[in-house]
Amino acid sequence: KKESIAENLEKDYPELIVQTFAYRYTQTPPNNIKAHKNVSIFYCTLSRDLTRPLLDTTREPNAKITKDLLEWSKITNQIDIWDYAASFLTYFSPMPNLRVA
């Protein structure tokens, strides 16, 4: 059996977390894998509907994001969220999104 990079790193650096992004083309989780215990997925919510709570799955793309996160949680128990709570067109303007997290 070949060891993964994460398994090899764990030998010398047991406190190390290997992090990889789930971003654009890699947001949808792969099939039939299990992440090593020191691997964390950094899921990016670039396409989310900022006018609604993320758990409001009546709107696309929030429904896809919620589905992806549920599927990622079957692969690893370490998921971080990179949430794009900004309007890049009007970056310095206020963006009231208090009730959408």
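What you see is a predicted model, and the numbers here were worked out from it, not measured in a lab.

### Let's talk about the pattern of salt bridges
Moving on, step 1. This structure, assessed with the given rule, holds six salt bridges.
Moving on, step 2. Salt-bridge contacts for glutamate 10 lead to lysine 37; the nearest nitrogen and oxygen are separated by 3.4 Å. With glutamate 10 in helix α1 (residues 5-12) and lysine 37 in the loop between β1 (18-22) and β2 (39-44), this residue pair connects regions lying 27 residues apart in the sequence.
Moving on, step 3. For lysine 37, a relative accessible area of 61% gives the class exposed.
Moving on, step 4. A salt bridge links lysine 64 to aspartate 68; its shortest N-O distance comes to 2.6 Å. Remark: aspartate 68 and lysine 64 occur in helix α2 (residues 62-75); sequence separation between them is four residues, near one turn of the helix.
Moving on, step 5. With a relative accessible area of 2%, aspartate 68 lands in the buried category.

### What to know about the side chain of arginine 48
Moving on, step 1. Within the secondary structure, arginine 48 sits in the loop between β2 and α2.
Moving on, step 2. Given the relative accessible area of 9%, arginine 48 is considered buried.

### Looking at the packing of aromatic side chains
Moving on, step 1. Taken as a whole, this structure holds three aromatic pairs when the rule is applied.
Moving on, step 2. Judged by centre distance (5.1 Å) and plane angle (5°), the ring pair of phenylalanine 21 and phenylalanine 42 falls under stacked. Highlighted residues: phenylalanine 21 in strand β1 and phenylalanine 42 in strand β2, separated in sequence by 21 residues.
Moving on, step 3. Counting every residue linked through ring pairs, the aromatic cluster contains Phe21, Phe42 and Trp82.

### Re unusual backbone geometry
Moving on, step 1. Omega for the bond connecting glutamate 60 with proline 61 falls within 30 degrees of zero, at 15°, which places this linkage in the cis form.
Moving on, step 2. You will see that arginine 24, though not glycine, has its phi angle at about 55°, which is positive.
Moving on, step 3. By the secondary structure assignment, arginine 24 is in the loop between β1 and β2.
Moving on, step 4. The backbone phi angle of asparagine 32 is positive, close to 60°, even though this residue is not glycine.
Moving on, step 5. Within the secondary structure layout, asparagine 32 lies in the loop between β1 and β2.
Moving on, step 6. Judged by its relative accessible area of 81%, asparagine 32 falls in the exposed class.

About the cut-offs
- Residues numbered from 1 in each chain as written.
- Predicted model: local features only at pLDDT ≥ 70, side-chain atom pairs only at ≥ 80, totals over all residues.
- Heavy atoms only, no water.
- Salt bridge = Lys/Arg side-chain N within 4 Å of Asp/Glu carboxyl O.
- Helix = DSSP H or I, 4+ residues; strand = E, 2+ residues; numbered from the N terminus.
- Buried < 20%, exposed > 50% of the residue type's maximum accessible area, 1.4 Å probe, protein only.
- Phe/Tyr/Trp six-rings, centres within 6.5 Å; stacked < 30°, edge-to-face > 60°.

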